[in-house]
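Below are the chains, spelled out letter by letter.
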Amino acid sequence: MSYLVIAVLCSVAVSILLKILRQHDIDIRQTIMAGYPVAFLLTWAFLKPDLSKVADLNTAWGIILLLGILLPLVFVILGRAIESMGIIATDAAQRLSLIIPIVAAFALFGEVLTLQRTWGIFLGFMALVALLYRRPEKANANNSIYARTDTGEKRGLAKIPVGSWLLGVWVGYGVIDILFKQVAKQGTAFPLTLFMTFGLAGLLLLVYLIINKTRWESKALLSGVVLGMLNMGNIYAYIKAHQTLADSPSVVFTGMNVGVIAVATLVGVFAFKESLSKFNMLGIVLAIACVFVLFWS
């Protein structure tokens, strides 16, 4: 269970770091880019990918390319969602993305939809609706119906409804999960997939930043080292939790998702003074119920 606790804490710590960086107007694109070489090297050190099987990737390269683009993009969206919606709602939306691969499993890949999973999917969608709810009269500079930060205006992101960032997190992580599952079905070892994806994501984001003549920030790059360690710590501990509790996968799935939502709620309320409406609180409860229904049997 210690691995599960570490995975939960690392996952929430990523959100905390991104929120702090946004508060200090640090370019998180640079932080994300700098984090990938760290995660790349840690994957090599701890997960020991078998490079001799690179030639066997074949058609999986297309999926790895998509992952290489989506991973940094979704990280940027995650930072925006945390800035505009807060840690609590964003982490809950990220956890609720688990219903997307479940829906895809029966809609696209022919799996049977059970009554239990139908209820779980329904609760998940209701949770997302409740989390997205914002009362216009409570809009302010930091939590308004539109993102209006100076940084956002400079980068052409002003006037975007904040709910779009939350939906972006939900859809983005759901699609990434589907892609990883498809690579795994093709017989590619997960460590090798992760290794190649991290390397490609870092390279593509570096090229993007260079093309856009980015003004490099030492704080952003140093923060990337921390981000890379937390990201890899989350993945490694989660894998080890599954290996340690191999006979109880539902415990790992439920513990991870409910744990992140619970810890993120505590951190958001007590550390960052985030406020929740009654609808938002209902969304948190429904999100936890969704996880239990989907994975506890």
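Residues numbered from 1 in each chain as written. Predicted model: local features only at pLDDT ≥ 70, side-chain atom pairs only at ≥ 80, totals over all residues. Heavy atoms only, no water.

### Focus: the overall build of the chain
Turning to step 1, where the next piece is worked out: In terms of regular secondary structure, the chain is built from 12 helices and 0 strands.
Turning to step 2, where the next piece is worked out: Helices (α) and strands (β) of the chain occur, in sequence order from the N terminus, as α-α-α-α-α-α-α-α-α-α-α-α.
Turning to step 3, where the next piece is worked out: Every one of the 297 residues in the chain was classed for burial, and the buried ones make up 49%.
Turning to step 4, where the next piece is worked out: A separation threshold of at least 6 residues defines the contact pool for the chain, and within that pool the share at least 24 residues apart is 85%.
Turning to step 5, where the next piece is worked out: On the chain, roughly 14,400 Å² of surface is accessible, and the fraction owed to carbon and sulfur atoms is 69%. (Helix = DSSP H or I, 4+ residues; strand = E, 2+ residues; numbered from the N terminus. Buried < 20%, exposed > 50% of the residue type's maximum accessible area, 1.4 Å probe, protein only. Contact = heavy atoms within 4.5 Å. Areas by Shrake-Rupley, 256 points an atom, 1.4 Å probe, with all protein chains shown as cover.)

### Topic: the confidence of the model for the chain
Turning to step 1, where the next piece is worked out: When pLDDT is averaged across the chain, the result is 87; 90% of the residues are at 70 or more.
Turning to step 2, where the next piece is worked out: Mean pLDDT values for the elements of the chain range from 44 in helix α7 (residues 150–154) up to 96 in helix α1 (residues 2–23). (pLDDT = per-residue confidence, 0-100.)

### Here's the deal with the nonpolar core
Turning to step 1, where the next piece is worked out: Formed by 50 residues in total, the largest nonpolar core has its most connected members in L18, I32, Y36, F75, L78 and F198.
Turning to step 2, where the next piece is worked out: Of all the secondary-structure elements, those providing two or more residues to this core are α1, α2 (28–47), α3 (60–85), α8 (162–185), α9 (190–211), α10 (218–244) and α11 (249–270).
Turning to step 3, where the next piece is worked out: Ranked by size, the runner-up nonpolar core spans 29 residues in total, among them M85, L123, I178 and V258. (Core = buried A, V, L, I, M, F, W, Y, C linked by side-chain atoms within 4.5 Å.)

### Comments concerning unusual backbone geometry
Turning to step 1, where the next piece is worked out: Although it is not a glycine, D25 sits at a positive phi angle of roughly 55°.
Turning to step 2, where the next piece is worked out: Position of D25 relative to the elements: it lies in the loop between α1 and α2.
Turning to step 3, where the next piece is worked out: Even without being glycine, K273 reaches a positive phi, approximately 55°.
Turning to step 4, where the next piece is worked out: Structurally, K273 can be placed in the loop between α11 and α12 (278–295).

### Brief notes about the packing of aromatic side chains
Turning to step 1, where the next piece is worked out: Per the stated rule, a full pass over the model turns up 9 aromatic pairs.
Turning to step 2, where the next piece is worked out: Look at W119 and F122: their rings are 5.9 Å apart centre to centre, the planes differ by 85°, and that puts the pair in the edge-to-face class. Of this pair, W119 and F122 both sit in helix α6 (residues 115–132), 3 residues apart, which is roughly one turn of that helix.
Turning to step 3, where the next piece is worked out: Measuring from centroid to centroid gives 5.6 Å for F180 and F190, while their planes differ by 55°, and the two rings are tilted. Placement of F180 in helix α8 and of F190 in helix α9 is noted, with a sequence separation of 10 residues between them.
Turning to step 4, where the next piece is worked out: Given a relative accessible area of 16%, F180 falls into the buried group.
Turning to step 5, where the next piece is worked out: Given the relative accessible area of 35%, F190 is considered partly exposed.
Turning to step 6, where the next piece is worked out: Chaining the aromatic ring pairs together yields one cluster made of F40, W44 and F195.
Turning to step 7, where the next piece is worked out: In this structure, K19 is placed above the aromatic ring of F272, and the distance from its NZ or CZ to the ring centre is 5.4 Å. (Phe/Tyr/Trp six-rings, centres within 6.5 Å; stacked < 30°, edge-to-face > 60°. Lys NZ or Arg CZ within 6 Å of the ring centre and 35° of its normal.)

### Considerations on empty space enclosed by the protein
Turning to step 1, where the next piece is worked out: If you walk through the whole model with that rule in mind, you get 1 cavity of 30 Å³ or more.
Turning to step 2, where the next piece is worked out: In this model, the largest cavity occupies a volume close to 50 Å³.
Turning to step 3, where the next piece is worked out: Considering the residues around the largest cavity, the lining is formed by I32, G35, Y36, A39, F75, L227, G228 and N231.
Turning to step 4, where the next piece is worked out: Only α2 and α10 provide two or more residues apiece to the lining of the largest cavity.
Turning to step 5, where the next piece is worked out: When residues in the lining of the largest cavity are grouped by element, the largest group, 4 residues, is from α2. (1 Å grid on protein atoms, 1.4 Å probe; cavity = no way out; pocket = protein on both sides within 12 Å on 5 of 7 lines; lining within 4 Å. Points joined across faces, edges and corners; volume = space filled by probe spheres on them.)

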